[in-house]
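Architecture and fold: a report
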Amino acid sequence: MNIEEKAAQIVVTAKVIAVASIDENGYPRPVAMVKLKDENGGSYKTLSVE
């Protein structure tokens, strides 16, 4: 299984995922996302902790 297939499997099966990007200083910026059901069967929304 290649990396794209693994990523697709995670998105389909996971209820919560963390997606990370790299900021301008080279540090990771992880963002938690939760899968919510909508009319189309589900989509991911970001979680915000203030």
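Report follows, based on the coordinates. Counting starts from 1 at the beginning of each chain's written sequence and moves along it residue by residue. Totals for whole chains, interfaces and linings use every residue, but because this is a predicted model, local features are given only for residues with pLDDT of at least 70 and side-chain atom pairs only at 80 or more, for both listing and counting. To get the side-chain values, take all heavy atoms of the structure and skip hydrogens and water.

Next up on the list: the overall build of the protein. Helix and strand definitions follow DSSP, with helices as H or I runs of at least four residues and strands as E runs of at least two, each counted in order from the N terminus. Counting secondary structure elements, the protein contains 1 helix and 3 strands. Shown N-terminal to C-terminal, the secondary structure of the protein runs as helices and strands in the order α-β-β-β. For every residue, the accessible area obtained with a 1.4 Å probe (protein chains only) is divided by the maximum for its type, and the residue is called buried under 20%, exposed over 50%, and partly exposed between those limits. Per-residue burial over the protein gives 14% buried out of 50 residues. Should any heavy atoms of two residues lie within 4.5 Å, those residues are counted as being in contact. Look at the contacts in the protein between residues 6 or more apart in sequence, and 13% of them connect residues 24 or more apart. Surface summary for the protein: the accessible area is close to 4500 Å², and the carbon and sulfur share equals 57%. Only the protein chains shown count as cover for residues, with accessible areas throughout obtained via the Shrake-Rupley method and a probe of 1.4 Å.

This part is about the environment of Val31. Checked against the element boundaries, Val31 lands in strand S2 (residues 28-36). As a C-alpha pair, Val31 and Ala18 span 13 residues in sequence and 5.4 Å in three-dimensional space.

Let's shift gears to the pairing of strand S1 (residues 16-22). Here S1 runs beside S2; their pairing, made up of 7 bridges, is antiparallel. Considered in S2, the bridge of Val19 is made with Val31. Hairpin connection from S1 to S2: 5 residues lie between these consecutive antiparallel strands, with Gly26 at a positive phi of about 90 degrees. Pairing between strands is defined by DSSP: at least two bridges between them are needed.

Secondary-structure assignment places Val16 in strand S1. Other than its neighbours up to four places away in sequence, Val16 contacts Met33 and Val34.

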